[in-house]
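Below, each chain spelled out in residue letters.
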Amino acid sequence: RGFRAPFFLADGRPFHNGGASDAQELASALGAALAYLRAYVDGGLAVADALPLVGFALSGDQSQFATIAKIRALRRLWAKVAAECGVADARAHVHVETAWRMMTRFDPTTNLLRTTIAAFAAGVGGADSLTVLPFTQAIGLPDRFARRLSRNTHSMLIEESHVDHVVDPAAGSGGVEARTEALAGKAWDLFRAIER
């Protein structure tokens, strides 16, 4: 009681890193989120009070528009779950981590570009928080320089691109909207199959 941040985290990252498609990652995370929501309700909380206490974690990769659409689709799907539960307005808290499966050992500096694209896409897609994996992580424990670059990627994107100033930079883009709708529809069908 009184805790305002997400307490349960429906995590799609293991599915993504295991080879799942974006729709499969979303459906799996949504299924976990609904299980957490049910646990809250079984524990005595009202649905409206429990919804904000469930957060999401997704992977963001170098496919910029796919990452943007995935985050946007998750927000639509969670709003749909809330509406099915009788709550009109629910906002998903989304944490994004740059994807492990896109990292290469053979040319680690390429990972700098990949993680920057993924971080930018997460910001444009509307992520609430972000973790950028160090570019040398695939070859072992990151050194001080790699950790500093991963921390500073956030700051550079905010200072240079101002991704934090626009509420929904992709709104109105026909390509992003169509991709978001298609992904949300496919993920919803997979989610319903999980629930069955």
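Here's a quick rundown of the structure. Model, not experiment: these values are computed from the prediction.

Attention shifts here to the environment of H95. Mapped onto the secondary structure, H95 falls in strand β3 (residues 93–98). Residue H95 is classed as buried on the basis of its relative accessible area, which comes to 14%. Once the C-alpha coordinates of H95 and L9 are considered, the two residues, 86 residues apart in sequence, prove to be 9.1 Å apart. With residues near it in sequence (within four places) discarded, H95 still touches R13, F56, A57, L58, S129, L130 and T131. There is a polar contact of 2.7 Å between the side chain of H95 and the side chain of S129.

This brings us to helix α7 (residues 174–195). Over its 22 residues, α7 runs 31 Å from end to end, which matches the ideal 32 Å to within 8%, given 1.5 Å per residue. Those residues of α7 not exposed but buried are V176, T180, L183, A184, A187, W188 and F191. Looking down the long axis of α7, one finds its buried residues gathered within 145° of arc, a one-sided arrangement. More than 90 degrees from the buried face of α7, the exposed residues found are G174, G175, A182 and K186. If you follow the buried residues of α7, they end up packed against α2 (22–42) and α4 (64–84).

Bringing the nonpolar core into the picture now. Among the nonpolar cores identified, the biggest contains 35 residues, and L26, L30, F56 and W78 are the most heavily contacted of them. Those elements that provide at least two residues to this core are α2, β2 (54–60), α4, β3 and α7. Per-element accounting of this core gives the leading share, 9 residues, to α2. With residues near it in sequence (within four places) discarded, F56 still touches L9, A10, A29, L30, A33, L74, W78, A92, H93, V94 and H95. The next biggest cluster of nonpolar side chains, apart from the first, holds 9 residues, and it includes I68, V124, L157 and V176.

What follows concerns the pattern of salt bridges. Opposite charge on two side chains makes pairing possible when the charged atoms of those side chains draw close. For the coordinates displayed, the defined rule picks out 10 salt bridges. For R76, the salt bridge identified is with E177, shortest N-O distance 2.7 Å. With R76 in helix α4 and E177 in helix α7, the pair connects residues that are 101 residues apart, well separated along the chain. Classification of R76 by relative accessible area gives partly exposed; the value is 29%.

What follows covers α4. Here α4 spans 31 Å end to end across 21 residues, near enough to the 30 Å set by a 1.5 Å rise per residue. Two residues or fewer past α4, G86 is found with a positive phi of approximately 90°.

The next thing to look at is the packing of aromatic side chains. Inspection of the entire model under this criterion finds 6 aromatic pairs. With 4.6 Å between their ring centres and 15° between their planes, F8 and Y36 make a pair best called stacked. Note that F8 is positioned in strand β1 (residues 8–11) and Y36 in helix α2, a separation of 28 residues in sequence. Here the aromatic rings of F56 and W78 are separated by 5.1 Å at their centres, their planes lie at 75°, and the arrangement is edge-to-face. Of this pair, F56 sits in strand β2 while W78 sits in helix α4, and the two are 22 residues apart along the sequence. Looking at F56, the relative accessible area reads 0%, which means it is buried. Relative accessible area serves as the criterion here: at 0%, W78 is assigned to the buried category. Aromatic rings pair up to connect F7, F8, Y36 and Y40 into one cluster.

What counts, and at which threshold
- Residues numbered from 1 in each chain as written.
- Predicted model: local features only at pLDDT ≥ 70, side-chain atom pairs only at ≥ 80, totals over all residues.
- Heavy atoms only, no water.
- Helix = DSSP H or I, 4+ residues; strand = E, 2+ residues; numbered from the N terminus.
- Buried < 20%, exposed > 50% of the residue type's maximum accessible area, 1.4 Å probe, protein only.
- Contact = heavy atoms within 4.5 Å.
- Polar contact = N/O pair within 3.5 Å; in protein donor to acceptor, adjacent residues only side chain to side chain.
- Expected span 1.5 Å × (residues − 1).
- Arc of directions from axis to C-beta.
- Core = buried A, V, L, I, M, F, W, Y, C linked by side-chain atoms within 4.5 Å.
- Salt bridge = Lys/Arg side-chain N within 4 Å of Asp/Glu carboxyl O.
- Phe/Tyr/Trp six-rings, centres within 6.5 Å; stacked < 30°, edge-to-face > 60°.

In short, geometric facts, not functional conclusions.
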